[in-house]
Amino acid sequence: MASSLARVVFAGMVVLASGERMCEAKDVQPLNKDGLSTCTAFRFTFEVLSSSQHATIAAMLPASSVGTLMYRQSELGSEGAVALGAALSESTQLTTLTIREDNIGLEGARAVAQVLTAGVRLSLLDLRQARLTPEGGMLLADALRNNSDLAVLNLRAAGIGQAGAIAVAAALQVRTG
């Protein structure tokens, strides 16, 4: 049954040398979960979506083959990040997550930390300018201690402050996962 909340109409699909099929969102209209089935990578760049649209897309992700998910200046916010985190905690395909130049705050950081501890096998996490808060940095640090899958972490200008940065650095030195 089709959802009336969100449909992603693609500006185009690019097949990368790796075989990855990158779909880039152009605008949003009604869609069912099969709308994500042809994409292995999904990018929202400068696409402003409502929180209900973010939640609908997030709900479709666990059953999809999306391995790369990128949000950049999409107004994901903390509410969208929480919905995304809950859905991604069930994902078996996701290896790359980018939430860049968006204000996901403490609750968004908590959601990302949940993804890291839920067994999602992320190898790349990019949270540049995500405005996580120092407390959010501490939550990420706790999650990173038991996660050995993550190979690339970008927290440049993520708003975690000195205390968060120190906690993340210490966690990365003692990872046991």
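Only a predicted model underlies this, so the values are computations on that prediction, with no experimental measurement involved.

(A) Fine view of the overall build of the chain. If you tally the helices and strands in the chain, you get 5 helices and 7 strands. The N-to-C order of helical and strand elements in the chain reads β-β-β-α-β-α-β-α-β-α-β-α. A total of 177 residues make up the chain; the buried ones form 46% of that total. Excluding contacts between residues fewer than 6 apart, the proportion of contacts in the chain whose partners are at least 24 apart in sequence is 71%. As presented, the chain carries roughly 8,300 Å² of accessible surface, and 52% of it is formed by carbon and sulfur atoms.

(B) How the structure looks around the packing of helix α3 (residues 105–117) against helix α4 (residues 134–144). Taken N-terminus to C-terminus, the directions of α3 and α4 make an angle of 5 degrees; their axes are 8 Å apart at the nearest point. Classified by the angle their axes make, α3 and α4 are roughly parallel. Along its contact with α3, which presents Leu-106, Ala-109, Arg-110, Val-112, Ala-113, Leu-116 and Thr-117, the element α4 presents Glu-135, Gly-136, Leu-139, Leu-140, Ala-143 and Leu-144. Looking at side-chain class alone, the contact of α3 with α4 contains 9 nonpolar, 2 polar and 2 charged residues.

Here is what the cut-offs are and how they apply
Residues numbered from 1 in each chain as written. Predicted model: local features only at pLDDT ≥ 70, side-chain atom pairs only at ≥ 80, totals over all residues. Heavy atoms only, no water. Helix = DSSP H or I, 4+ residues; strand = E, 2+ residues; numbered from the N terminus. Buried < 20%, exposed > 50% of the residue type's maximum accessible area, 1.4 Å probe, protein only. Contact = heavy atoms within 4.5 Å. Areas by Shrake-Rupley, 256 points an atom, 1.4 Å probe, with all protein chains shown as cover. Axes fitted to C-alpha atoms, helices over the stretch in contact; angles between N-to-C directions. Parallel < 35°, antiparallel > 145°, perpendicular 65-115°, else oblique. Nonpolar A, V, L, I, M, F, W, Y, C, P; charged D, E, K, R; others polar.

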